[in-house]
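An overview of the molecular structure
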Amino acid sequence: MTAHDLKTTLGSAKPIVDKTIVEKTHSIEQIRYGCAIGAMQSVVAIPRAIPITHCGPGCADKQFMNLAFYNGFQGGGYGGGAVTPSTNASEREVVFGGGERLTELIGSTLKVLEADLFVVLTGCIPDLVGDDIGAVVKPFQQQAVPIVFAETGGFHGNNFTGHERVTRAIIDQFVGPYDGAPEAGTVNVWTLLPYHNTFWRGDLTEIKRLLAGIGLKVNILFGPESAGVDEWKAIPRAQFNLVIGPWLGLETARHLETKYGQPFLHAPALPIGAGETSAFLRRVAAFAGLDKDRVEAFIADEDARYYKYIEDFTDFYSEYWWGLPARFAVIGDAGYALGLTRFLVNQLGLIPARVIVTDNPPEETRGLISAEFRAIADDVAVDVAFEEDSYTIHEILRKTDFGHKPPILFGTTWERDLARDLKGAIVEVGFPSSYEVVLNRSYVGYRGALTLLEKIYTTAVGASA
Amino acid sequence: MTKQIKQIAIYGKGGIGKSTTTSNISAALAEAGYKVMQFGCDPKADSTNTLRGGEYIPTVLDLLHANARVNAYEAIFEGFGGIYCVEAGGPQPGVGCAGRGIISAVQLLKQQDVFEALDLDVVIYDVLGDVVCGGFAVPVREGIAEHVFTVSSSDFMAIYAANNLFKGIQTYSNKGGALLGGVIANSINTDFHRDIIDDFVARTHTQVVEYVPRSLSVTQAELQGKTTIEAAPKSEQADVYRRLAKRIVEHTESKTPTPLDQQELRDWSASWADRLIAVERQSQLLAS
Ligand SMILES: Nc1ncnc2c1ncn2[C@@H]1O[C@H](COP(=O)(O)OP(=O)(O)OP(=O)(O)O)[C@@H](O)[C@H]1O
Ligand SMILES: [Mg+2]
């Protein structure tokens, strides 16, 4: 029996259109993202890069603690945590502007810290007062200091927005122009949000392994598998850009298209499980014009291993079926939520009771996200809700019909109490995951899907202990 | 018993004569024996110049820029008649946040209980022309000035600015903010000027505190770095300022004005424009 057959055991999943109307509160309880300056963690995610923060006291620490500590306990890294220099702007910097203070901080940072790239990120104070950060950074750039700046005051948006701004800043101010020929078979990957997506390190490692497996040279850009700034410098030479996820990274890809004339491929769903991953790889291979035999050989090999494990797992699954959840809810950022939903429905045959997207995607991307969720499978459409306030999210979930079996929630630490109230199971898959210690674990691709299965059913079985 | 310090804020369009008028009021009050502080709330820091022989003084924000902790007294300088002169100051144009600067400067003096320690009778805030952000509204907000006076000529733009200020006062009026004492009509030399401003105050339910003519003695005094009170104490203009000062210090009941809305203001100015044309035509007829 294959995973595809599992679906039929459970019967075909029907769309559940239960329009639970919960009024908007205009307040946010239990946050699900950071400030734009939280993108300091995107800098930390680049090997040997260090963020320099120009903000009030507490801003940088709060972002680090939220995104990197109480979220998988991922640690400070080379330039994060206690290392990150900050101007600690106070009233003086408000009244007189913080330019001088920032110049001083950059100067002293260069004396004591060594990095391949420094990124100055601004908080609300300098962005409101209107500090001319470009004018501060320029003299350093002219002295060949590898330094760029991004305006990431909180009112610009959340850490997803900040991430796009930081990426753009590095491309425009550090990578620079290029008019040579493209390098066939090289790809830049724009996908998960580092640190925010709790499993990003393992996930990016798996994504790189997969793409390399079908014959691509991969600029993964963030995380332990990245070659750091050399990889960033190589961005313009790539044959194409690959955006994996419903919206994050699209802005960057469009910018690169204009800037370097690079085409891009957009794969809205994070591939989880053999079915999704094989289809994803075939799509990428076709776009890149890769050697078919090599691609198919890689997929066949991966499939074989994957289904061997699934086969063994089926014994458990068919014996234990009465104790396992049937309906699920996903509460998370659009990227993870879409990938997970597709996997749970198409490969496990679980029934989606509710999906709530919490990363506040730009208005213009919501149509596409909704459409993706409506096309989960031929017979499964999900009406996705966009909501950021945990109070409202939990109200929606309490009103959701999960049938007569205990539900399983794929969410965050904020759903712990709710899961207990609903007498269901909880798998923490997103920010904040404060009851997960995460090193290189991944939930994507072939290997990640198996880990995810372990996690899901260990949680389910563990509940009866 | 602690005495009630009279705190007054003077607003008005840029260049309309706020600092000149304020300084003359301060000088007249000092002459009459009051203990006065003039507090310039303008990054230009030129409010108290004519009280100190035309000389600029270091500002509160200059001191705050140089030191983390500041003794407020270092920012207080004595001027004509023992008037305490303070300038809030601000960042250089184009950087920082001058509005926040005003807040910091006012707070510094308040925190250190300077007004009480100096046993002041009157504090007059001279606020820069255009109230562009929250910081410049500080003097009219709760717990600072109780009375606001607007300097305005009969020019439409000056009246427009006064009307805007009235809107600000109205906003803060039910939150414990300052109320309007009235309009100081500056550069009023003809009946026609007087009629315009009288009509405006009638419509907005306030009053003219004093009509101050445009006078050469003001210019002459300014060139010597002095107020008219100091440079030409016997002039008619000095007496105008004395009368104004007396009315202000004796003023007790301020009110919430009723500003005109955009359309009313336009219609109002258009009607005066028509009358102005008629008056000019008549004078041309008389001349020919
Ligand atoms: N009644 C008057 N007669 C003659 N000159 C006057 C009179 N009132 C003001 N002035 C002159 O007008 C000019 C502007 O006045 P002042 O500096 O007091 O204006 P202000 O409202 O404080 O300006 P700002 O908004 O720039 O601070 C000065 O040169 C002053 O001498
Ligand atoms: Mg002035």
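Residues numbered from 1 in each chain as written. Chains lettered and ligands numbered in written order. Predicted model: local features only at pLDDT ≥ 70, side-chain atom pairs only at ≥ 80, totals over all residues. Heavy atoms only, no water.

**Some words on the site of ligand 1**
Residue and element names in this part refer to chain B. How we decide: It suffices for a single heavy atom of a residue to lie within 4 Å of a molecule or strand for the residue to be listed as near it. A 3.5 Å cut-off defines polar contacts: any pair of N or O atoms within that distance qualifies, except that in protein one atom must be a possible hydrogen donor and the other a possible acceptor, and neighbouring residues in sequence count only when both atoms are side-chain atoms. Accessible areas in this description were obtained via Shrake-Rupley with a 1.4 Å probe; residue shielding takes into account the shown protein chains only. Grid points spaced at 1 Å over the protein atoms alone were grouped into cavities, where a 1.4 Å probe fits but cannot get out, and pockets, open sets with protein on both sides within 12 Å along at least five of seven lines, with lining residues defined by an atom within 4 Å of a point. A cavity or pocket is said to hold a molecule if more than half of that molecule's atoms lie within 2 Å of its grid points. Elements are defined by DSSP. Helices are runs of H or I of four residues or more, strands are runs of E of two residues or more, and each kind is numbered from the N terminus.
Neighbouring ligand 1 are 19 residues; Gly15, Lys18, Ser19, Thr20 and Glu222 lie closest to it. Separating an oxygen atom of ligand 1 from a side-chain N or O atom of Lys18 is a distance of 2.8 Å. Protein contact buries 83% of the 630 Å² of open area that ligand 1 shows by itself. When atoms are counted within 2 Å of each cavity's grid points, the one that captures over half of ligand 1 is the largest pocket. Elements with a minimum of two residues in the shell around ligand 1: helix H1 (18–31), helix H7 (216–223) and helix H9 (236–250). Ranked by residues supplied to the shell around ligand 1, first place goes to H1 with 3 residues.

**Points about the UniProt feature "modified residue: ADP-ribosylarginine" (unreviewed entry) in chain B**
Under the convention used in this document: UniProt positions are given in the numbering used here, feature names are shortened, and annotations may be inferred rather than shown by experiment. Contacts between residues were defined by any pair of non-hydrogen atoms, one from each residue, lying within 4.5 Å.
On the UniProt side, "modified residue: ADP-ribosylarginine" (unreviewed entry) is annotated at positions that read Arg100 of chain B here. Of note, Arg100 of chain B is situated in helix H3 (residues 98–111). Leave out the neighbours within four places in its chain, and Arg100 of chain B touches Glu91, Val94 and Val95 of chain A together with Gln107 of chain B.

**Concerning the environment of Pro259 of chain B**
Residues and elements named next belong to chain B. How we decide: Think of it in three bands: with a 1.4 Å probe and only protein chains considered, a residue is buried below 20% of the maximum accessible area for its type, exposed above 50%, and partly exposed in between.
Relative to the helices and strands, Pro259 is located in the loop between H9 and helix H10 (262–287). Residue classification places Pro259 among the buried residues on the basis of a relative accessible area of 16%. Sequence separation between Pro259 and Thr204 is 55 residues, and the spatial gap between their C-alpha atoms is 5.4 Å. Residue contacts for Pro259: discarding those within four places in its chain leaves Asn163, Phe166, Lys167, Gln170, Thr204 and Glu264.

**Considering the interface of chain B and chain A**
Defined as follows: As a working definition, buried area equals the accessible area (1.4 Å probe) given up by two parts on being put together, with both sides summed. Between Lys or Arg on one side and Asp or Glu on the other, a salt bridge is scored when a side-chain nitrogen of the former is within 4 Å of a carboxyl oxygen of the latter.
Each partner contributes residues to the interface: chain B has 12 residues there, and chain A has 8 residues. At the boundary of chain B with chain A, total buried surface from both sides reaches about 870 Å², with 57% on carbon and sulfur atoms. The largest contributions to the chain B side of the interface with chain A come from His65, Gly96 and Arg100 of chain B, which together make up 52% of the buried area. Counting every contact that joins chain B to chain A gives 1 salt bridge.

**A look at unusual backbone geometry**
Residues and elements named next belong to chain A. Residues Phe431 and Pro432 are joined by a peptide bond in cis, for which omega reads -5°. Its location among the elements puts Pro432 in the loop between strand S12 (425–428) and helix H18 (445–462). Here the phi dihedral of Phe73 falls at roughly 50°; this positive angle occurs in a residue that is not glycine. Of note, Phe73 is situated in the loop between helix H3 (59–69) and helix H4 (91–96). Take Phe73: its relative accessible area is 30%, and that puts it in the partly exposed class. One non-glycine residue with positive phi stands out, namely Asn88, at about 45°. Mapped onto the fold, Asn88 is located in the loop between H3 and H4. The class for Asn88 is partly exposed, based on a relative accessible area of 44%.

**What to know about the packing of aromatic side chains**
We describe a pair of aromatic rings using the distance from one ring centre to the other and the angle between the two ring planes. The following threshold applies: The pairing test for Phe, Tyr and Trp rings, Trp by its six-membered ring, is centres within 6.5 Å, and the orientation test on the planes gives stacked under 30 degrees, edge-to-face over 60, and tilted for anything in between. Each ring is checked for a lysine NZ or an arginine CZ that lies within 6 Å of its centre and within 35 degrees of its normal; such an atom marks a charge sitting over the ring.
Inspection of the entire model under this criterion finds 22 aromatic pairs over all chains. An angle of 70° between the planes, with centres 5.9 Å apart, marks the rings of Phe316 of chain A and Tyr457 of chain A as edge-to-face. Of the two residues, Phe316 of chain A sits in helix H13 (residues 292–320) while Tyr457 of chain A sits in helix H18, which places them 141 residues apart along the sequence. Relative accessible area serves as the criterion here: at 24%, Phe316 of chain A is assigned to the partly exposed category. With a relative accessible area of 4%, Tyr457 of chain A lands in the buried category. Arranged with centres 5.5 Å apart and planes meeting at 80°, the rings of Phe192 of chain B and Trp272 of chain B form a pair that is edge-to-face. Taken together, the residues span a long stretch of sequence, with Phe192 of chain B in helix H6 (residues 191–203) and Trp272 of chain B in helix H10 at a distance of 80 residues. Each member of the pair Phe192 of chain B and Trp272 of chain B is classed as buried. Ring pairs connect the aromatic residues Phe313, Phe316, Tyr317 and Tyr457 of chain A, which therefore count as one cluster. Here the guanidinium or amino end of Lys233 of chain A rests over the ring plane of Phe174 of chain A, the centre of that ring lying 4.2 Å away.

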